[in-house]
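# Reading the structure
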Amino acid sequence: MNRPLTPPPVAEHPVRSTEGATPVMAQFLEAKASQPDALLFFRMGDFYELFFEDAEVAAGALGLALTKRGKHLGEDIAMAGVPAHAMEGYLARLIRQGHRVAICDQTEDPAEAKKRGSKAVVRREIVRVVTPGTLTEDSLLDARGANRLVAVTLRGGRAAVAAVELSSGAVETAVCEAGDLASMLVAFSPSEILVPDRLFGEADLDQALSMTPAPVQPLAQALAESRAAADRVARLYGVATLDAFGAFEPVEISALGLIAAYLETTQVGVVPVLSPPRRSGSAQYLAIDPATRLSLEIDRTQRGERAGSLLDTLDRTVTAGGARALAERLARPGRDPDRINRALDAVGWLVDHRSLRGEVRDLLKGSADTARALTRLALGRGGPRDLAAIRAGTRTAQELTALFTRRADRLDPALPHDLDRALAALTPGPELQDLLADLEEGLVEDPPHLARDGGLVVPGHRPELDQARTLRDDSRRVIAELEARAVADSGIPFKVRHNAVLGYFLEVTAKQAEPLMQRGAESPFIHRQTLANQVRFTTVELSDLDARITQAGHRVTAMEVETFEGWRGRVRDLAGPIQALADALGWIDATAALAEWAEEVGAVRPEVDDGLELCIEGGRHPVVEAAVRAEGKPYTPNDCRLDGTGANGCPRLALVTGPNMAGKSTFLRQAALLVVLAQAGAFVPARAMRLGVVDRLFSRVGAGDDLARGRSTFMTEMVETAAILNQATDRSFVVLDEIGRGTATYDGLAIAWAVTEALHEANRCRALFATHYHELAQLEGRLDHLANLSLRAREWNGELVFLHEAVAGPADRSYGVQVAQLAGVPPGVVARARAVLDQLETTGEADARLDDLPLFAMAEPAAPAPVAPSPLIEALGTLEPDDLSPREALDALYRLKALSRGSGPGTR
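Residues numbered from 1 in each chain as written. Predicted model: local features only at pLDDT ≥ 70, side-chain atom pairs only at ≥ 80, totals over all residues. Heavy atoms only, no water.

### Describing the overall build of the chain
- For the chain, the count of helices and strands is 30 helices and 27 strands.
- Counting over 908 residues, the chain shows a buried share of 49%.
- For the chain, the share of sequence-separated contacts (at least 6 apart) that also reach a separation of at least 24 residues comes to 69%. (Helix = DSSP H or I, 4+ residues; strand = E, 2+ residues; numbered from the N terminus. Buried < 20%, exposed > 50% of the residue type's maximum accessible area, 1.4 Å probe, protein only. Contact = heavy atoms within 4.5 Å.)

### Focus: the pattern of salt bridges
- A full pass over the atoms with the stated rule returns 55 salt bridges.
- The salt bridge involving Glu507 is made with Arg497; its shortest N-O contact spans 3.6 Å. Here Arg497 lies in strand β14 (residues 495-499) and Glu507 lies in strand β15 (residues 503-509), a separation of ten residues in the sequence.
- A salt bridge links Arg690 to Glu607; the nearest nitrogen and oxygen atoms lie 2.7 Å apart. You can see Arg690 sitting in strand β22 (residues 688-692) and its partner Glu607 sitting in strand β18 (residues 607-609), a full 83 residues away along the chain.
- By sharing partners, the salt bridges in this structure join Arg148, Glu172, Arg278, Glu328 and Arg332 into a single network. (Salt bridge = Lys/Arg side-chain N within 4 Å of Asp/Glu carboxyl O.)

### Re a nonpolar patch on the surface
- A cluster of nonpolar side chains, contributed by Leu890, Leu893 and Tyr894, occupies part of the molecular surface with about 340 Å² of accessible area.
- Looking at the secondary structure, you find Leu890 in helix α30 (residues 886-900).
- Taking the relative accessible area as the measure of exposure, Leu890 reaches 37% and is therefore partly exposed. (Patch = residues over 30% accessible without salt bridge, like charges linked within 9 Å, V, L, I, M, F, W, Y side chains within 5 Å. Areas by Shrake-Rupley, 256 points an atom, 1.4 Å probe, with all protein chains shown as cover.)

### A look at the state of the cysteines
- Taken as a whole and judged by the stated rule, the model has zero disulfides.
- With no disulfide of its own, Cys650 has Cys615 as its nearest cysteine by sulfur position, at a separation of 7.1 Å.
- Take Cys650: its relative accessible area is 18%, and that puts it in the buried class. (Disulfide = S-S within 2.5 Å.)

### Let's talk about the sheet that holds strand β11 (residues 216-219)
- With mixed pairing, six strands are arranged side by side in an open sheet as β11-β10-β7-β8-β9-β12. Each edge of the sheet is formed by a strand with only one pairing partner; in this case those strands are β11 and β12 (278-279).
- Bridge count for strand β7 (residues 148-155) against strand β10 (residues 190-196) is four bridges, and the pairing is parallel. Residue pairing in the sheet places Ala151 in a bridge with Leu194 of β10.
- Packing of helix α5 (residues 181-188) onto the sheet brings it into contact with β7, β8 (158-165), β9 (170-177) and β10, and relative to β9 it is tilted by some 165°.
- With respect to the sheet, helix α6 (residues 203-210) is in contact with β7, β10 and β11, its orientation differing from that of β10 by roughly 160°. (Pairing = 2+ DSSP bridges. Axes fitted to C-alpha atoms, helices over the stretch in contact; angles between N-to-C directions.)

### Observations regarding the packing of helix α14 (residues 370-378) against helix α21 (residues 540-573)
- Running from amino to carboxyl end, α14 crosses α21 at an angle of 115°, the nearest separation of the two axes being 9 Å. Taken as a pair, α14 and α21 cross one another with a handedness that is left-handed. Judged by residue contacts, Leu374, Leu377 and Ala378 of α14 engage Phe564, Arg568, Val571 and Arg572 from α21.
- Grouping the amino acids of the contact of α14 with α21 by side-chain chemistry returns five nonpolar, no polar and two charged. (Left-handed = near helix turned anticlockwise from the far one by under 90°. Nonpolar A, V, L, I, M, F, W, Y, C, P; charged D, E, K, R; others polar.)

### Brief notes about a negative patch on the surface
- The grouping of Glu880, Asp882, Asp883 and Glu888 at the surface amounts to a negative patch.
- With respect to the secondary-structure elements, Asp882 resides in the loop between α29 (871-878) and α30.
- Asp882 sits in the exposed class, given a relative accessible area of 78%. (Lys, Arg positive; Asp, Glu negative; His and termini not counted. Charge placed at Lys NZ, Arg CZ, Asp CG, Glu CD.)

### Some thoughts on helix α12 (residues 337-352)
- When the terminal C-alpha atoms of α12 are compared, their 22 Å separation across 16 residues agrees well with the 22 Å that a helix rising 1.5 Å per residue should span.
- All of the buried residues in α12 are Pro337, Ile340, Asn341, Ala343, Leu344, Ala346, Val347, Gly348, Trp349 and Leu350.
- In this structure Asp336 caps α12, since a side-chain oxygen of it lies 3.0 Å from the backbone nitrogen of Asp338. (Expected span 1.5 Å × (residues − 1). Polar contact = N/O pair within 3.5 Å; in protein donor to acceptor, adjacent residues only side chain to side chain.)

### Things to note about unusual backbone geometry
- The backbone phi angle of Ser189 is positive, close to 50°, even though this residue is not glycine.
- Positionally, Ser189 belongs in the loop between α5 and β10.
- Positive phi, close to 60°, is recorded for Glu738, a residue that is not glycine.
- Tracing the sequence through the fold places Glu738 in the loop between β24 (733-737) and α26 (745-763).

### Notes on the packing of aromatic side chains
- All told, the structure shown has nine aromatic pairs when counted by the stated rule.
- Ring centres of Phe28 and Phe51 lie 5.0 Å apart, and the angle between their planes is 80°; this geometry places the pair in the edge-to-face category. With Phe28 in helix α1 (residues 23-34) and Phe51 in strand β2 (residues 47-51), this pair connects stretches of sequence that are 23 residues apart.
- For Phe28, a relative accessible area of 0% puts it in the buried group. (Phe/Tyr/Trp six-rings, centres within 6.5 Å; stacked < 30°, edge-to-face > 60°.)

### Some points on the sheet that holds β22
- Spatially, four strands are ordered β18-β22-β19-β20 in an open sheet, and the strand pairing comes out mixed. The open sheet terminates on both sides in strands that have one partner only, identified here as β18 and β20 (638-643). Pairwise comparison of adjacent strand axes, ignoring direction, gives a mean angle of 10° for this sheet.
- The sheet contact formed by strand β19 (residues 613-619) and β22 spans four bridges and is antiparallel. Bridge pairing links Ile616 to Met689 in β22.
- Packed on one face of the sheet, helix α24 (residues 664-679) meets β18, β19, β20 and β22 and runs near 75° to β22.

### Notes on the environment of Phe245
- One can find Phe245 in the loop between α7 (226-237) and α8 (250-266).
- When residues no more than four places from it in sequence are discounted, the contact partners of Phe245 are Tyr237, Val239, Pro276 and Pro277.

### Overview of the side chain of Thr396
- Note on placement: Thr396 falls in helix α15 (residues 384-406).
- Setting aside its immediate chain neighbours within four residues, Thr396 contacts Leu363, Leu364, Gly366, Ser367 and Leu585.

### As for the nonpolar core
- Among the nonpolar cores identified, the biggest contains 99 residues, and Leu310, Leu426, Met689, Phe733 and Leu768 are the most heavily contacted of them.
- At twelve residues, the largest contribution of residues to this core is made by helix α22 (residues 575-601).
- The contact partners of Phe733, leaving out residues within four places of it in the chain, are Leu614, Leu642, Ala671, Ala672, Val675, Val694, Arg696, Leu697, Phe698, Arg766, Ala767 and Leu768.
- In terms of nonpolar packing, the next biggest core, distinct from the first, is built from 29 residues, Val164, Ala224, Val233 and Leu263 among them. (Core = buried A, V, L, I, M, F, W, Y, C linked by side-chain atoms within 4.5 Å.)

### Focus: the packing of helix α13 (residues 354-364) against α22
- Following both chains from N to C, one finds α13 and α22 inclined at 135°, their axes separated by 10 Å at the closest point. Relative to α22, the element α13 lies oblique. Where α13 crosses over α22, the handedness of that crossing is left-handed. On the side of α13, the interface is formed by Arg354, Arg357, Val360, Arg361 and Leu364, while α22 contributes Leu585, Ile588, Asp589, Ala592, Ala593, Ala595, Glu596 and Glu599.
- Residues that form the contact of α13 with α22 fall into these classes: seven nonpolar, no polar and six charged. (Parallel < 35°, antiparallel > 145°, perpendicular 65-115°, else oblique.)

### Considerations on the pairing of β9
- Buried residues dominate β9, accounting for six of its eight residues.
- Taking the residues between adjacent antiparallel strands as the criterion, β8 and β9 are bridged by four residues, where Gly169 takes a positive phi near 85°.
- Relative to β12, β9 runs parallel, the two sharing two bridges. Residue pairing across strands places Thr173 opposite Arg279, the latter belonging to β12.

### Things to note about the pairing of β10
- In terms of burial, β10 is largely enclosed, as seven of its seven residues are buried.
- Where β10 and β11 come together, four bridges link them in parallel fashion. Bridge assignment links Val195 to a residue of β11, and that residue is Pro218.
- For the crossover that starts at β10, traverses α6 and ends in the parallel β11, the hand is right-handed. (Right-handed = clockwise from strand over helix to strand, strands pointing away.)

Take a look at the structure:
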């Protein structure tokens, strides 16, 4: 989880004078001076070139060939390049490595540059600085995950986080106590973090930054000053004051100011379309610290993979926007019972209306990533396919509203509040309806990637465009007719050819051209060029036709680009309703996906209120159950009953004992994940669940060290335990596993004992505490609201059978030696362990009588005495099914049934 607090640096780049440089190299040096910390992609024809140290860094990072291009002030100029058409692939690799890349593009038509003189250099300017948090291209983004640029500021013990997802335009701020910064920052899952440079060294900030792998970008402290930050944010939104957006604390405005400053720099004056900043306080969401989030594997497993996480198990979304909405829902579950229940109302309604849900999901499949298409169009990076995405999203919105309207008479008279609000956002206003009508009529169904590629406007939409297309597209027929006339008039087999320099021309072999060359000025065939084996001619008619065809082609391209820009401008003007429509589509997809999953696995609606109860009947771990059932095996459900008030004899803290491999960790994580699901507004895999909302969730399950910060496994365990004891409230839920096992036996037992008492008496939170210290079981008689639970296991014929069932009372033993045997520990070691264990259990302590056991007694033990076959097995062995009559078979079945009552490890 640790990484440097700064991104990989670009090689130190000295400021170079443009004196003595060629015009192109001077242009490069000027652009580089404006972005010294970024790799500069400098457009030259069909390539983006990098020079000097940038070339060396890029060559190493991308595996490019490093060459040279002349000298500057006596120094060789290193050069490396990437093809312009493949630039995004190389860009993605650099961004993943933490580099920033400045794009210096041609901003002038070469023909315009030639008007200034034959040696004039095409104007080039930096059009964008690409960083991990400012990506917008589909090829560089995870379609199903958010990509947030986050700014962090601290002031007076308060911390603020401002987050913008540039690819969709969503902006959010949150404020918390400085000590809670790590939990809040990780919940946003940032791709890049902005921090005022003077804050480095602040303990709370450094701890928070160490919990996320995102690169950190230091910015000048002056950019976070409240007054200047407020002006910058107002300028970004084009308003005079931020009052219309709500009351922001100064620390929030500072964070927003960092975002605004960074966008001004990286977008080079292009103003993105952003939603008004939405405030969310720490009291609105369930606080989940980084260690807990990792332990519970909510969106990523502990190996950093999506597969195997809770999110991956639940995800039934059919759109990219829906997938991001679902991920956000699980990353930050709510704390307001009313809001949670409204979300559950919508899921429940879609569970009940299965047929309609199927139609909704089918319609959503025809949608597109409208939010990201809108951002690209607003920033001037979009193309005709982004217009098609806007059309597809708006079309889907209309179809969804029509579906609900059409079926209203056969459905419940009132829709759930949140679903009704989403449908209202899907209803396009008159201007958006007009835009959709124009796109439906004028934009081809499968448009090109770029507007300049042409072919994006439907024939018949613009008559003048159709005329120009006719001339351009009929050129082949006209050229063929001209070629035929030239052959007929001259008797020479001309072929009409074309290139970018000469345009259209007539070509023949050198021998066939000899008669034409002798005719002189009276010949209608005008000599243009002589090559080794061919001679090229033109005619007045061909030159005129060439000019008209070229002009028609340019006119077609210009009119298509003009049409595209008109549509793009209208999209930008309607950014607000389009963004709301995209958000509503994502919310509906995520909600329908949760309903689909709930029906698949038999999940039920939890009862959520503001009490302190946690009652789970027949709960199942959603991820483990999916894995177990994929193997064709059953999953054993379990109950869990806790109550923070201790009412009706229900404990608020349960000690969980049992052997390793019996399922203690699964039982603990299961309860925690069901809390996450319930407060995220999802159904839960259980027979029933009642939950008083949790304010903070803590999970200290599993062992791991933090060697980069000098922490052993035990030290890490104690740090996480300390965080729980210092932060848990009477409304929190805590799951702990094996506290104190990393030190001496009596030390560990003492720590576990004290932690149990503190959770019960001081924090007074609902908690599950799994332990192998069976001595703690006696606390049940000393602490009023503590109870023992155990995971059952049985020994049968020398083997350990795990029943995975949680029952009241402590476990009688740990079965550690049996688990070692199951793990494949050599028989000699297992036998030795049994002997030592028997000695310890007999004496109660490791006294001198252990000396009776010979050291290193690793000889192979005698083979265990064979277990006598049971009467049932013997009876089965004597049967010959093919020789039995029906009556004899029935009698045999009764005998076997009678024998079975005395066989087996027992049933529950």
